[in-house]
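# Notes for the structure review
Next come the chains, spelled out residue by residue.
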Amino acid sequence: MNNYDDIINLPHHVSVKKPHMPAADRAAQFAPFAALTGYGEVIKETARLTDAAPDLSEDERELLDYRLQEFLNMPGEPPELVITYFVPDGKKAGGEYRQASGRIRGIEEASGDILMADGLKIRKELVVDIDKQAHNRYYFTRTI
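All of these numbers come straight from a predicted model, not from anything done at the bench. (Residues numbered from 1 in each chain as written. Predicted model: local features only at pLDDT ≥ 70, side-chain atom pairs only at ≥ 80, totals over all residues. Heavy atoms only, no water.)

## Here we look at the pairing of strand 3 (residues 104-107)
Spelled out, the test is: Here the rule is simple: two strands pair whenever DSSP picks up at least two bridges between them. Helix numbering and strand numbering both begin at the N terminus, where a helix is a DSSP run of H or I of at least 4 residues and a strand a DSSP run of E of at least 2.
Strand direction decides the pairing type here: strand 3 and strand 4 (residues 114-116), joined by three bridges, are antiparallel. Looking at the pairing, I104 lines up with M116 of strand 4. If you look at the hairpin formed by strand 3 and strand 4, you'll find six residues sitting between the two strands, and G112 has a positive phi there, around 85°.

## Concerning the side chain of D113
Put simply, the test is: Only protein chains enter the accessibility calculation, which uses a 1.4 Å probe; a residue whose area is less than 20% of its type maximum is buried, one above 50% is exposed, and one in between is partly exposed. For the purpose of counting charges, residues Lys and Arg are taken to be positive, whereas Asp and Glu are taken to be negative. His and the chain ends are not included. Put simply, a salt bridge is a Lys or Arg side-chain nitrogen that is within 4 Å of an Asp or Glu carboxyl oxygen. A 3.5 Å cut-off defines polar contacts: any pair of N or O atoms within that distance qualifies, except that in protein one atom must be a possible hydrogen donor and the other a possible acceptor, and neighbouring residues in sequence count only when both atoms are side-chain atoms. Contacts: residue pairs with any heavy atoms within 4.5 Å of one another.
With respect to the secondary-structure elements, D113 resides in the loop between strand 3 and strand 4. It turns out D113 is buried and unbridged, and the closest side chain with the opposite charge, K121, is 4.4 Å from it. Within the structure, the side chain of D113 is placed 3.0 Å from the side chain of S111, a separation counted as a polar contact. Excluding residues within four positions of it along the chain, D113 makes contact with G106, I107, E108, K121, I122, R123 and K124.

## Some remarks on empty space enclosed by the protein
The condition that has to hold: Two kinds of site are reported from a 1 Å grid over the protein atoms alone, namely cavities, where a 1.4 Å probe fits but cannot get out, and pockets, open sets with protein on both sides within 12 Å along at least five of seven lines, and residues are called lining when an atom falls within 4 Å of a point. Grid points are joined across faces, edges and corners, and a volume is the space filled by probe spheres set on the points. Classification convention: Asp, Glu, Lys, Arg as charged; Ala, Val, Leu, Ile, Met, Phe, Trp, Tyr, Cys, Pro as nonpolar; all other residues, Gly among them, as polar.
Counting across every chain of the model gives one cavity of 30 Å³ or more. In this structure, the largest cavity is lined by R61, L64, D65, L68, I114, K124, V127 and I130. Elements represented by at least two residues in the lining of the largest cavity include exactly helix 3 (58-72) and strand 6 (127-131). Counting residues per element, the lining of the largest cavity draws most heavily on helix 3, at four residues. A class-by-class count of the residues in the lining of the largest cavity yields five nonpolar, no polar and three charged.

It is worth stressing that arrangement in space is one thing and function is another; only the former is reported here.
This is the structure we're talking about:
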């Protein structure tokens, strides 16, 4: 007689006292435990993409400075501008590009930072684009 020949063809037992457990719950009881706590978060952080920091030439920087001064020295109220700038990532190399819209309040003398009317402070060396109108772009990109 082979092993289990006496029970192999018996019907599957179904309890009358306890409800049937859903397949997802049954699978969860056999799932492996997290042997390395925090490993999943490390993997997600490693997989998160960041953009490369801007690398503008001296001529491109001077053009942006000139355009910024041009907008600041316009008669009357400063125009509405869209400034694209780089924000370094706090956890890994690179960062992301953001845009700020509004009027410039001024330039901070000590640091050279751009002060927006809404209180935002933008580091001048991280600015890559100053735009007054959609057809008038001063955006410098580098291919890596």
